[in-house]
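Structural overview
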Amino acid sequence: MSGRPRFLCGVVEGFYGRPWSMEQRKLLFRWLKRWGLNCYMYAPKDELKHRLLWREPYTQHEAAQMQSLIKAAQEHDVEFIFAISAGQDIVFSSAGDRLLLQQKLRQVAALGCSAFALLFDDIDPCMCRADRDVFPSLAQAQASVANEAYRELGLPPTFLFCPTEYCSSLCSPSPAKSRYLQTLGQELLPEIGVIWTGPKVVSQELSVALVEEVEHVLQRRLLIWDNLFANDYDCRRVFLGPYTGRAPGLVPRLCGLLLNPNCELQANFIPIHTLGSWFRSELWGCTHTNSTGTEASAELGDSQGLQEGYSPQKALELALLDWVAEIKQQVLEAGWTPLHPSTVCKEEAGLHPGTAEGQEALLDPQPCGTAPSEADQREPEPCAVTTGNRKRKATSVPEEGNGSRASAGGPQSPAGDGDQLASGSRESCEPSSAMPSTAGSDRSSGAPVADETVHSLGTPTCCSSGASTCQSTPLDSSDGRERGSSPPGSPQPGASTADVLQIPSGCKADPRPGPISQLVDGATTSPVPTALLTNGTAVSPIPTVPLISEEGRSDSSAPLTMEEARMLVELFYLPYHHGPQAQHLLEDLQWLRANSPNMGVPTRSPNSCVVAQWRSRARSFQQLCAQTCCLHSRFVHSAGQALLYDLHPYLWDIRNLLLAASAFVLWLDGRLLCDPDHKGTWGSCFGWCQSITAPLFPGEDAEPWVRRGGLFGELQALLPVGNSCDLFCHPPPLFPSRQLYLLHPLLPQDKGVLEEALLFFHTKPLPVPLPVLRRFPSLVQLDMAPRVQDMGAGCSLAVSLLSALRTNGSRGVFCQVSAADHQQLSFYSKLGFIALPLPWPSSPGTQLLGRLL
């Protein structure tokens, strides 16, 4: 072995956003040691004394915390690198600034740190006048400060420098011809390592040739700052896929590689796990080719399976196994007790419309294909579901949502804490055609999930019968597509042959094919108006979606299965690639939109073969949507608190959008508004479909932040929502909860409970000043049952109602509140209502509140 320092491979906490806590970092150190990684760089962009207030020394308390963190890293054999980002406002020629920088570094060195980094990324490349008078270039100014700090620290073994041109796309005109990089290569002391991100800020691939090109210019080996999983540029994206796109043989050409991961620590289990697999594979290759002097043999450990090289898919499978076990362990450590009510499963063809009277059967998950443990002895035998030529074992799972302002497993928030405008309804595996576009107007039940690696169209449907039974649907495969044929790394969809409708030869479909199955509750299949126009005033009867507490219903907190974890990963895969589940959703919706036979007109097409094929694929799409909705319910119910808080907002967004997409497909089939008595209130939501052009997909050279929203953004681009996207997308509840609420349309049996609310809208209203009606034409009243203490659910209903009113043309809403009802006044104020400064003599003691839409 040579005397070259060991290869640094680990994680850099270098994202924008809330820094990780001390406990989260200690968990990270355990992960790093467990998977053979050896380095952590402290560089949180929004930690004040790292970047904005870099001149200020740490207080005694802060220094003690830093020392504890350094010690924790060392206990796990992880090298701790302290980074500081002074480039935003440092005066390179100022002796005072140089001294403050050195004092800050010496303070951290005294706490036990022996590795440092100076970061000059993401700054203005222009120097101030004082610096221009001293230094001929920015590169010379930065190199001068770095060299001096390196010497003042006593030539530490690890000292890194991040340049302002830190990737090929930022170099002018190219890395090989960049005067900035050339100057750095000449001026920086040779012992100082240089940080590089690759061809782009977020590099899809890293090649040995590019590394060698930059290494030649900088005259030293590089340390890769890998942003593959960074998600701080898009609040709707998170990346759970495997580490990939890095060419074999990189380690001999580098001095290190640090992964800048997702902002949410719990989202990084698989990325860091697979990074460890990649590193071990690379070390095995280096050891057996004698191409490096790294301390490989000591770090390699078990080399079984490394001879074949790194495989992202194999690494993903190993990581999924460990992740499922980790999730289960987190639940056990939290002290949650899984429930195991008995469930009867049976195989049945066709989608079941739902249960009578708007009620649902909740089913709890049962393990399939395994011997029952002592805790599972009362569970029934699992059911096998046959889908075409594929077979999969299904486990029924409950579908339940959240929206409670109470934290998971904790006490509920007090009444009035409704500042978060969140959808608090109970979500649906089967999106309702009656209330298609409101994220908070859906219902839920359970759905079987597979415990085998099968990516087929055979998605079981939700449980919905009076007894505890579940139905699984064999899907029509007449579209001739094989679900498992799309590789996990397949690119995002653009124009493709999937957009061309192909009619099978010799098709003998029913001349009057039936509509696609509507994923609705059996209580009603006709739309329920949310806003009715009466004499120019939009009267919005909130009782159309009454809130029903589900506290008495049983639930299940059985851990997530391997198949459910895989589905979650496939929905949030990588910045440049979708997983199979997400890819199928996009391809299906794009094809259905491009090939709809009637574009919202009830079916009268003479070409029944075309309609049959379209409806077959529509059924497949709706069942994929239902499967994703059920995953959301299972995740809310089964994940540990830390994982739930980190990933729930992303899954919430996808679930809500898929409910809207499912309703859109029903509308394309012409069946959503086919009831002759409908009021047309939801017709305008999708009424401008034909005027919307196909979405534009960015080129391959674009950075991933151009693809705003990832899967969420691409699905939304396929929906004709115009400027009413807020109707479909509501923010998640601040505190995910397992408290259940069921939303359903107003039914005859509800009128006895809601007489007071109904009388309010059927009683002649008091005269309202004309200026109020001109600006606020819609009258609303929002009331909640006394037993419901969760104000987040009320906010959800309110946001859904206001969005629907705006979509139907209302410009503003007003309400009448007693001046003495401080709780109601507080609730409305948090929804954006303000007091209207107009006299109202006809109703003394009552205050008028208004809100523009």
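A few points on the structure. (Residues numbered from 1 in each chain as written. Predicted model: local features only at pLDDT ≥ 70, side-chain atom pairs only at ≥ 80, totals over all residues. Heavy atoms only, no water.)

**Thoughts on the pattern of salt bridges**
Counted according to the given criterion, the structure contains 17 salt bridges. When the shortest N-O distance is used, the salt bridge between R253 and E212 registers 3.7 Å. Here R253, found in the loop between β7 (222-226) and β8 (254-259), pairs with E212, found in helix α7 (residues 208-218); they are 41 residues apart in sequence, far enough to count as distant. When its relative accessible area of 36% is taken as the criterion, E212 is described as partly exposed. D653 is the partner of R236 in a salt bridge, and the nearest nitrogen-oxygen pair spans 2.8 Å. Here R236 is found in the loop between β7 and β8, whereas its partner D653 is found in helix α14 (residues 641-668), with 417 residues between them in sequence. A network of salt bridges, in which partner residues are shared, links R55, D89 and D97. (Salt bridge = Lys/Arg side-chain N within 4 Å of Asp/Glu carboxyl O. Helix = DSSP H or I, 4+ residues; strand = E, 2+ residues; numbered from the N terminus. Buried < 20%, exposed > 50% of the residue type's maximum accessible area, 1.4 Å probe, protein only.)

**A word on the packing of aromatic side chains**
This structure, assessed with the given rule, holds 18 aromatic pairs. Taken together, a centroid distance of 5.3 Å and an interplanar angle of 85° make the contact between W31 and F269 edge-to-face. Of this pair, W31 sits in helix α1 (residues 22-34) while F269 sits in helix α8 (residues 269-289), and the two are 238 residues apart along the sequence. Here W31 and F269 have matching classes, each one buried. Aromatic ring contacts, followed pair by pair, group F29, Y40, Y42, Y58, F80 and F82 into a single cluster. When the ring centre of Y58 is taken as origin, the NZ or CZ atom of K104, which lies over that ring, is 4.9 Å away. Over the ring of W652 we find R655, and its NZ or CZ is 5.0 Å from the ring centre. (Phe/Tyr/Trp six-rings, centres within 6.5 Å; stacked < 30°, edge-to-face > 60°. Lys NZ or Arg CZ within 6 Å of the ring centre and 35° of its normal.)

**Examining unusual backbone geometry**
In most cases, non-glycine residues show a negative phi, while peptide bonds are predominantly trans. With an omega of -5°, the peptide bond between S172 and P173 qualifies as cis. Position of P173 among the secondary structure elements: in the loop between β5 (158-162) and α6 (179-187). If you check the backbone angles, D122 has positive phi at about 55° while not being a glycine. Looking at where D122 falls in the secondary structure, it is placed in the loop between β4 (115-119) and α4 (129-132). Since its relative accessible area comes to 35%, D122 is described here as partly exposed. Even without glycine at this site, Q219 takes up a positive phi of about 60°.

**Side note on helix α19 (residues 822-830)**
Inspection of α19 places Q824, L825, F827 and Y828 among the buried residues, and these make up the whole buried set. Down the axis of α19, the sector holding all buried residues measures 160°, keeping them to one side. With its phi angle positive at about 100°, G832 sits one or two positions after the end of α19. (Arc of directions from axis to C-beta.)

**Topic: the sheet that holds β4**
Taken in spatial order, the 8 strands of this closed barrel run β1-β2-β3-β4-β5-β6-β7-β8, and their pairing is parallel. When the angles between neighbouring strand axes are averaged without regard to direction, this sheet yields 25°. Sheet analysis places strand β6 (residues 193-196) next to β7, joined by 3 bridges and oriented parallel. Residue I195 lies in a different strand from β7, and its bridge partner there is L223. Where α1 meets the sheet, its contacts fall on β1 (8-13) and β2 (39-42), and the angle it forms with β2 comes to roughly 155°. Against the sheet, α7 contacts β6, β7 and β8, and its axis sits at roughly 130° relative to β7. (Pairing = 2+ DSSP bridges. Axes fitted to C-alpha atoms, helices over the stretch in contact; angles between N-to-C directions. Contact = heavy atoms within 4.5 Å.)

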